[in-house]
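Listed here are the chains, written in short residue letters.
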Amino acid sequence: FTHVVEHGYKLLGAERCTLFLHDAGKAELWTKMSTGSKRGQDRLLITLPLEKDSIATAACKSREIVNVAQAADDPRFDGSWDAKSGFV
């Protein structure tokens, strides 16, 4: 998990990477690790209910890669997590 997050965004040429895990029992996605935090809060817990319309839940529900060049331009994007982590 940590290895994928720490190196995955570099391989993809991305500014940031978050790896979500699917908890079928709770019908949610969750993560505790993200890269790119300016406040060093790389262990911020994020949970997303699957009924929420988001980029991550769209990928989970479709079981396909969702590649968004400018996440902030996508209506499914929720910038509040970036604000909480200090990324903005």
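Everything that follows concerns the structure shown earlier in this document.
Residues numbered from 1 in each chain as written. Predicted model: local features only at pLDDT ≥ 70, side-chain atom pairs only at ≥ 80, totals over all residues. Heavy atoms only, no water.

This part is about the side chain of Thr31. By the secondary structure assignment, Thr31 is in strand β2 (residues 28-31). At 2.7 Å, the side chain of Thr31 and the backbone oxygen of Leu19 are in polar contact. Among all residues touching Thr31, those that are not within four sequence positions of it are Phe1, Thr18, Leu19, Phe20, Leu44, Leu45 and Ile46. (Helix = DSSP H or I, 4+ residues; strand = E, 2+ residues; numbered from the N terminus. Polar contact = N/O pair within 3.5 Å; in protein donor to acceptor, adjacent residues only side chain to side chain. Contact = heavy atoms within 4.5 Å.)

Strand order in the open sheet formed by three strands is β1-β2-β3, and the pairing between neighbours is antiparallel. Only two strands of the sheet have a single partner each, and these edge strands are β1 (21-23) and β3 (46-49). Neighbour to neighbour, the strand axes of the sheet diverge by 25° on average, direction disregarded. The pairing of β2 with β3 spans four bridges and is antiparallel. Looking across to β3, one finds that Thr31 is bridged to Ile46. (Pairing = 2+ DSSP bridges. Axes fitted to C-alpha atoms, helices over the stretch in contact; angles between N-to-C directions.)

Time to look at the layout of surface pockets. By volume, the largest pocket is sized at about 1,500 Å³. Every residue lining the largest pocket is counted, 38 residues in all, and those nearest its centre are Arg16, Cys17, Thr18, Ile55 and Ala71. Breaking the lining of the largest pocket down by element, the ones donating at least two residues are α1 (2-12), β3, α2 (55-62) and α3 (80-85). Here the residues of the lining of the largest pocket are counted per class, giving 23 nonpolar, eight polar and seven charged. (1 Å grid on protein atoms, 1.4 Å probe; cavity = no way out; pocket = protein on both sides within 12 Å on 5 of 7 lines; lining within 4 Å. Points joined across faces, edges and corners; volume = space filled by probe spheres on them. Nonpolar A, V, L, I, M, F, W, Y, C, P; charged D, E, K, R; others polar.)

This brings us to the pattern of salt bridges. Pairing between side chains of opposite charge can happen when the charged atoms of each approach one another. Within this structure, the stated rule accounts for two salt bridges. Across the pair Arg76 and Asp74 runs a salt bridge, and its minimum N-O distance is 2.8 Å. (Salt bridge = Lys/Arg side-chain N within 4 Å of Asp/Glu carboxyl O.)

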